[in-house]
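# An overview of the molecular structure
Residue-level listing of the chains:
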Amino acid sequence: MATALFHKAHDFQVGEQHFNISSAGGPLEKLGARIAAGAIHDSAERCDAPKCHPETRVAVQNDLYNWIIDEQGPSDHPRKIKWVTGPAGSGKSAVMGSVADRCAENGILGATFFFASWSTSVGRRRKTAFVTTIAHQLAQHREELRTAISTAIERNEGIFEKNLRVQMEVLVLSPLREVVRQSDRPRLRGAIIIDGLDECEAEQFHDTSTSGRRGRPERTNAEDQLEILQVLQAASSDPSFPFRILIASRPERVFRQFFDPENNPTAFAKKLDLHEDHNADADITLFLEAEFNRLARLHNLPPSWLPPNAVRILVEKASGQFIYAATVIRFLDADHREPPKALLEAVLGMQVIKTSNPLEHLDALYSHILNSSLDPRLSALWIRSLLRSIFLLGSPASHIQVLFQTDPSGNEAEHLLGKLHSLIRIPPPRDHATTPYDFYHKSLFDFIEDPNRCGKLYVDWNEMKLFTWNAFVRACARAGDAQLNYQEPFLEFLVKIPAKLVLTEGMGHPKALSTPASADWWVSLAIERKAAGSLWQMFKKVHEANLEPFHSPLFGIPYLDRAWSVVATTTGELA
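Quantities reported herein were computed from a predicted structural model and do not represent experimental measurements.

## Overview of helix α5 (residues 143–155)
With 13 residues, α5 should cover 18 Å at 1.5 Å per step; its first-to-last C-alpha distance of 19 Å lies within 8% of that length. Within α5, burial applies to Leu-145, Ala-148, Ile-149, Ser-150, Ala-152 and Ile-153. Buried residues in α5 make contact with α1 (27–32), α4 (130–138) and α6 (164–182).

Written out as structure tokens, the structure reads:
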């Protein structure tokens, strides 16, 4: 019976993981169903990804491209891996994206994988689809390699459930050896480009919600990142592996230790530090001058609109961080009532307290933009709630508005976020029902989650979760008590929230207390929408943690008291 559970199943979701699996199709179709399509450099998901501005970062791009195509060096111990690093906002993703495009244009791009911790696609945040996505792209590289990969999948039906090392051996290295042994064509060469590896989140294979003897320690992000590094190093040391590997990340400890020449002096090419090895000031100057000229044409501004030394001052404030210059331009470009000159003068006049923080000017800019909101702290609360819940971040903007607004028919979202277009991609009203909110750069996450950097705008974890829970309770009360009719997509969204956002001890109690009518409405909705499994999982965790249901801090909330009584009487059905 169990083997038929997912018979002919396809395009379904369990938790955050989306599956597009079908029993039909050949080996390469099965491989294609296991990839993170959004992680590929030219994917639709990356249509707005940063690229180097024309005529900027030319030296950096040339250095990397020349290393990729370089045929020189000792053939017995070729250094096939190069680390590209730099602090937040130094332009790593833009450089890697531009180099990937150049390699693709010249026919020497093997594969790419762009990690993104903020992506709504779980495949871009975790390691699960890393090797399969690389193999899928290599299969497009040459016909005999495509055939070899297809044959490898046929011979190893369970390969998609193996660890990364085994997947790399079966799906990449073994087919490459076969091609090298049989082919009389010119040898393969090119680049495999990995960006944002520091944003790879740990894959949890065990329930980490319990503690004590039955609980297992949570796997860390650094452990999964190191696993990927080790798999790539092992691949690069194989004589049949013809590709150069570029890996871009922030200089986190796991990368500093792995690429330390003292630990492994012969394994890697010399690292490239965008902050230390290449002075970005000239490129930032070129970018700002081009953008200011564009703004002048757009707004029909006179030549005198730009304050004296504005470019020089902004370049100094940027301190090599392209994200600072890009955010300034987006701030001036946003739909403000103030003219660009007034906005620019406000940016130029920002004062910062000198500290050891290298991002102090970026922090001042983020603070200034957030404080331009009519309610800065509530705006920060919306933003942090979105950033820390992939479930919310991937939902259409209209769902977030109906959930978070105190008046669902009001204009609170525009009131709070209308002046933050330089930080947030806000879809036009016609697309609110289908398009989620999005963010330009991970540095905003770092800023808003560090109380030492964002100051009074900081929202702690408990406050954020209670804010979302209160919004959920309020939304249910509108339907249960006020008989407000929601559209079907929002109902599907609403029914999943308790399973995604479980309150824990020490977090306090929600301010928005529910009523029996609204509690009954939600429980009925959950059962009607066949979401009883999520109810079952909630209460199963209570049992596993040996909590008394009516004395647990999870309860005392009418939704959960009512839901518990339903689950207790239908255990057999739900199990």
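There's more to say after this.
## Describing the packing of aromatic side chains
Taken as a whole and judged by the stated rule, the model has 19 aromatic pairs. Chaining the aromatic ring pairs together yields one cluster made of Trp-83, Phe-255, Phe-258, Phe-259 and Phe-268. If you follow Arg-102 out to its NZ or CZ, it ends over the ring of Tyr-65, 4.1 Å from the centre. Across the ring face of Trp-67, the terminal group of Arg-244 is positioned such that the distance to the ring centre comes to 5.1 Å.

## Side note on the pairing of strand β6 (residues 243–249)
Burial runs high along β6: seven of the seven residues are buried. Here β6 shows a buried face lined by Phe-243, Ile-245, Ile-247 and Ser-249 and a second buried face lined by Arg-244, Leu-246 and Ala-248. Bridge count between strand β3 (residues 81–85) and β6: five bridges; the pairing is parallel. Looking at the pairing, Thr-85 lines up with Ser-249 of β6. Examined bridge by bridge, strand β5 (residues 190–195) and β6 share six bridges and lie parallel to one another. Paired with Ile-194 across the strands is Ile-247, a residue of β6.

## A look at the sheet that holds strand β4 (residues 109–114)
The five strands are arranged β4-β5-β6-β3-β7 in an open sheet whose pairing can be described as parallel. Both edges of this open sheet fall to β4 and β7 (272–273), since each of them pairs with a single strand only. Packing of helix α2 (residues 58–69) onto the sheet brings it into contact with β3, β5, β6 and β7, and relative to β6 it is tilted by some 145 degrees. Relative to the sheet, helix α7 (residues 221–236) contacts β3, β5 and β6, its axis offset from that of β6 by approximately 160 degrees.

## What to know about the pattern of salt bridges
Taken as a whole, this structure holds 24 salt bridges when the rule is applied. We note a salt bridge from Asp-238 to Arg-177, for which the minimum N-O separation is 2.7 Å. Taken together, the residues Asp-238 in the loop between α7 and β6 and Arg-177 in helix α6 connect sequence positions 61 residues apart. The partner of Asp-333 in a salt bridge is Arg-294, and the shortest N-O contact between them spans 2.7 Å. Of this pair, Asp-333 sits in helix α11 (residues 322–333) while Arg-294 sits in helix α9 (residues 281–299), placing them 39 residues apart in sequence. Beyond isolated ion pairs, a larger network of salt bridges with shared partners links Lys-127, Arg-219, Asp-224 and Glu-227.

## Digging into the confidence of the model for the protein
Caution applies to low-pLDDT parts of the model: their predicted coordinates are not meant to be read in detail. The predicted model of the protein averages 82 in pLDDT, with 80% of residues at 70 or higher. When mean pLDDT is taken per element in the protein, α4 scores highest with 97 and helix α26 (residues 571–574) scores lowest with 41. Across residues 208–213, where pLDDT falls below 50, the model places six contacts with residues more than four positions away in sequence or in other chains. Overall, residues 570–575 carries pLDDT values under 50, and its contacts beyond four positions in sequence, including any with other chains, amount to five contacts.

## Some words on the nonpolar core
In this structure, Leu-288, Phe-292, Leu-314, Leu-403, Phe-439 and Leu-494 are the most contacted members of the largest nonpolar core, which totals 82 residues. The biggest single contributor to this core is helix α20 (residues 461–480), with nine residues. In contact with Phe-439, not counting residues within four places along its chain, are Ile-383, Leu-386, Leu-387, Leu-393, Leu-423, Ile-424, Arg-425, Leu-444 and Phe-445. Counting residues in hydrophobic clusters, the runner-up holds 51 residues, among them Phe-130, Leu-145, Ile-194 and Phe-255.

## Here we look at the pairing of β4
Among the six residues of β4, six are classified as buried, and the element is accordingly described as predominantly covered. With five bridges connecting them, β4 and β5 associate as parallel partners. The partner of Leu-109 across the bridge, within β5, is Ala-191.

## Side note on the packing of helix α14 (residues 376–387) against helix α16 (residues 397–404)
Across the interface, α14 lies against α16 with an axial gap of 13 Å and an inter-helix angle of 125 degrees. Of the possible angle classes, the one that applies to α14 and α16 is oblique. Here α14 and α16 pass one another in a crossing that is right-handed. Where α14 approaches α16, its residues Trp-382, Ser-385 and Leu-386 are matched on the opposing element by Ile-400, Gln-401 and Phe-404. Taken together, the residues of the contact of α14 with α16 break down into four nonpolar, two polar and no charged.

## Some details on the packing of α5 against α6
Relative to each other, α5 and α6 sit at 130 degrees, their axes nearing to 9 Å. Comparing the axis directions of α5 and α6 gives the class oblique. Seen from above, α5 lies across α6 with right-handed handedness. Mapping the contact onto sequence places Glu-144, Leu-145, Ala-148, Ile-149, Ala-152 and Ile-153 in α5 and Val-170, Leu-171, Pro-175, Leu-176, Glu-178 and Val-179 in α6. Class assignment of the residues belonging to the contact of α5 with α6 gives a composition of ten nonpolar, no polar and two charged.

## Brief notes about the side chain of Lys-127
You can see Lys-127 is positioned in the loop between β4 and α4. Classification of Lys-127 by relative accessible area gives buried; the value is 7%.

## Side note on the environment of Gln-487
As for its position among the elements, Gln-487 is in the loop between α20 and α21 (488–495). The exposure class of Gln-487 is exposed, given its relative accessible area of 64%. Taking C-alpha positions, Gln-487 is 10.0 Å from His-399, a pair spaced 88 residues apart along the chain.

Rules of the game
- Residues numbered from 1 in each chain as written.
- Predicted model: local features only at pLDDT ≥ 70, side-chain atom pairs only at ≥ 80, totals over all residues.
- Heavy atoms only, no water.
- Helix = DSSP H or I, 4+ residues; strand = E, 2+ residues; numbered from the N terminus.
- Expected span 1.5 Å × (residues − 1).
- Buried < 20%, exposed > 50% of the residue type's maximum accessible area, 1.4 Å probe, protein only.
- Contact = heavy atoms within 4.5 Å.
- Phe/Tyr/Trp six-rings, centres within 6.5 Å; stacked < 30°, edge-to-face > 60°.
- Lys NZ or Arg CZ within 6 Å of the ring centre and 35° of its normal.
- Pairing = 2+ DSSP bridges.
- Axes fitted to C-alpha atoms, helices over the stretch in contact; angles between N-to-C directions.
- Salt bridge = Lys/Arg side-chain N within 4 Å of Asp/Glu carboxyl O.
- pLDDT = per-residue confidence, 0-100.
- Core = buried A, V, L, I, M, F, W, Y, C linked by side-chain atoms within 4.5 Å.
- Parallel < 35°, antiparallel > 145°, perpendicular 65-115°, else oblique.
- Left-handed = near helix turned anticlockwise from the far one by under 90°.
- Nonpolar A, V, L, I, M, F, W, Y, C, P; charged D, E, K, R; others polar.

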